[in-house]
Amino acid sequence: MSSVLYDAQGPRAKRRNILYTVLFVLVAAAVVWWVYDGLASKHQLDWIKWKPFFTSSQPWETFIWPGFQNTIKAAFFALIIALPLGALFGIGRLSEHRWMRAPSAVVVEFFRAIPVLILMVIANQAYSEYTELDPETRLLYAVITGLVLYNASVLAEIVRAGILTLPSGQTDAAKAIGMRKGQTMVFVLLPQAVTAMLPAIVSQIVVIVKDTALGGAVLSFPELLASVRPMAANYGANTIACFTIIAVIYIALNFSLTSFASWLERRLRRAKKSTGAVVGTGPGGAPETVGAPVVVMDSSSS
């Protein structure tokens, strides 16, 4: 039996696929066993190394929770600043005025081409030389600045691409009813583009959360990943256990973000499809709808 996408497999193809599946499972099992044996031989799976995370609140309160707070704080402020900046530069790149389009393109292409780590280092050095911020605040500002500059440029391209995906008829219809360019962008194009842009925006939010770890690795910003080193030093060199716990926290956080985004996208799509016309039920349980107003003209007046 065939489908429109592929032909049905014959006996030889089925046997070959079964063989490939068995080989893949065996190789995967061998890799898992090799990793397990290596960790066990180094005593990284001993209960004493994992015990503090399950029997005491001290590592969570002393190391993990403060690092988690700093990660959320840096990611949150970077997001709320980068989103409007990205929208502004994305719309600027679509402007018909060269004096607005050209600078927006230069800014976006410049900061998108520089690694975010370099932006963090430059920002930290600038704050160190030209401000009197205390070290902890300076590191937070440097991380946020680097994240904002890089991710605003990426979000600008997301916004621009999302608006360009809309059919040109939307703009033509807005012009036909007398809307100005700014009104068309704010009230017609952007609301429709949000649904298309949402998955890419959420992916960039996940990138922002993960990139806060660069500040901890290079600038010693006390974020979530940076808590591994003091934890491992305080609990018997349990580096693997610390990294595993932190990785699970990152996975849970980012999975929550993507799950919320998926729910929000489905809700927006349902709201888009709904006409909002059903207001109740009529006789016999039939839905009662609100239609367009009917203008009745008196024949005597014509």
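Note that this is a predicted model, so its numbers are computed, not measured.

**Q** Mind showing me how you'd approach the overall build of the chain here?
**A** Secondary structure assignment for the chain yields ten helices and two strands. The helix and strand sequence of the chain, counted from the amino end, reads α-α-α-α-α-α-α-α-α-α-β-β. Per-residue burial for the chain yields a buried fraction of 31% across its 302 residues. A total of about 19,400 Å² of accessible surface is found on the chain, and carbon and sulfur atoms cover 66% of it.

**Q** Help me understand the nonpolar core, please; the structure alone is not making it clear to me.
**A** Soluble globular proteins tend to pack their nonpolar side chains together in the buried interior. Core analysis: the largest hydrophobic core is formed by 51 residues, its most contacted members being F53, I64, V143, L147, M231 and I246. Listed by contribution, the elements that provide at least two residues to this core are α2 (47-55), α3 (58-93), α5 (116-130), α6 (135-164), α8 (181-218), α9 (228-234) and α10 (239-273). Of the residues forming this core, the biggest block, 13 residues, is contributed by α6. When sequence neighbours within four positions are dropped, the list of residues in contact with M231 reads F53, P59, F63, I64, N238, C242 and I246.

**Q** For this particular structure, what's the right way to read the layout of surface pockets?
**A** To find leftover empty space, a probe the size of one water molecule is rolled over the atoms. Empty space within the largest pocket amounts to approximately 540 Å³. Along the walls of the largest pocket sit 19 residues, with L94, E96, T171, M185 and L189 positioned nearest its centre. Elements represented by at least two residues in the lining of the largest pocket include exactly α6, α7 (168-176) and α8. For the lining of the largest pocket, the element with the most residues is α8, which contributes four residues. Its boundaries defined by the atoms lining it, the second largest pocket holds a volume of some 200 Å³. Taken together, A213, G216, A217, S220, E223, L225, A226, V228, R229 and F243 form the lining of the second largest pocket. Those elements that provide at least two residues to the lining of the second largest pocket are α8 and α9. Here the lining of the second largest pocket gets three residues from one element, more than from any other, and that element is α8. Among the residues forming the lining of the second largest pocket, the class breakdown is six nonpolar, two polar and two charged.

**Q** Any chance you could explain the environment of P59 here in plain terms?
**A** By secondary structure assignment, the location of P59 is in helix α3. Assessed through its relative accessible area of 0%, P59 is described here as buried. C-alpha separation for the pair P59 and Y235, spaced 176 residues apart in sequence, amounts to 8.9 Å. Setting aside its immediate chain neighbours within four residues, P59 contacts P52, F53, I64, M231 and Y235.

**Q** Help me out: how do you make sense of the side chain of E157 in this one?
**A** Tracing the sequence through the fold places E157 in helix α6. Relative accessible area serves as the criterion here: at 14%, E157 is assigned to the buried category. Reaching out from E157, the side chain makes a polar contact with the side chain of R160 at a distance of 2.9 Å. Apart from residues lying up to four places away in sequence, E157 is in contact with R93, V108 and R112.

**Q** How do you make sense of the side chain of R93 when you look at a structure like this?
**A** For R93, the position within the fold is in helix α3. R93 sits in the buried class, given a relative accessible area of 18%. Of note is the side chain of R93, whose polar atom sits 3.1 Å from the side chain of E109. Sequence-distant contacts of R93, defined by excluding residues within four places in its chain, comprise R101, S104, A105, V108, E109, E157 and R160.

**Q** Would you mind going over the pattern of salt bridges with me for this structure?
**A** When charged atoms on two side chains of opposite charge get close, those side chains can pair. Counted by the stated rule, this structure contains five salt bridges. With its nearest N and O atoms 2.9 Å apart, the salt bridge here joins R160 to E157. Separated by three residues within a single helix, R160 and E157 lie in helix α6, roughly one turn from each other. The exposure class of R160 is partly exposed, given its relative accessible area of 24%.

**Q** Could you clarify how one ought to interpret the environment of P115 in this entry?
**A** Structurally, the position occupied by P115 is in the loop between α4 (98-113) and α5. Distance in space between the C-alpha atoms of P115 and G146 is 9.0 Å, their sequence separation being 31 residues.

**Q** For this particular structure, what's the right way to read the packing of aromatic side chains?
**A** Aromatic ring pairs are defined here through the distance separating the ring centres and the angle between the ring planes. Tallying each qualifying case throughout the model produces eight aromatic pairs. Measuring from ring centre to ring centre gives 6.1 Å for Y127 and Y141, while their planes differ by 70°; the resulting arrangement is edge-to-face. Note that Y127 is positioned in helix α5 and Y141 in helix α6, a separation of 14 residues in sequence. Judged by relative accessible area, Y141 falls into the partly exposed class, the value being 38%.

Reading the values: rules and limits
- Residues numbered from 1 in each chain as written.
- Predicted model: local features only at pLDDT ≥ 70, side-chain atom pairs only at ≥ 80, totals over all residues.
- Heavy atoms only, no water.
- Helix = DSSP H or I, 4+ residues; strand = E, 2+ residues; numbered from the N terminus.
- Buried < 20%, exposed > 50% of the residue type's maximum accessible area, 1.4 Å probe, protein only.
- Areas by Shrake-Rupley, 256 points an atom, 1.4 Å probe, with all protein chains shown as cover.
- Core = buried A, V, L, I, M, F, W, Y, C linked by side-chain atoms within 4.5 Å.
- Contact = heavy atoms within 4.5 Å.
- 1 Å grid on protein atoms, 1.4 Å probe; cavity = no way out; pocket = protein on both sides within 12 Å on 5 of 7 lines; lining within 4 Å.
- Points joined across faces, edges and corners; volume = space filled by probe spheres on them.
- Nonpolar A, V, L, I, M, F, W, Y, C, P; charged D, E, K, R; others polar.
- Polar contact = N/O pair within 3.5 Å; in protein donor to acceptor, adjacent residues only side chain to side chain.
- Salt bridge = Lys/Arg side-chain N within 4 Å of Asp/Glu carboxyl O.
- Phe/Tyr/Trp six-rings, centres within 6.5 Å; stacked < 30°, edge-to-face > 60°.

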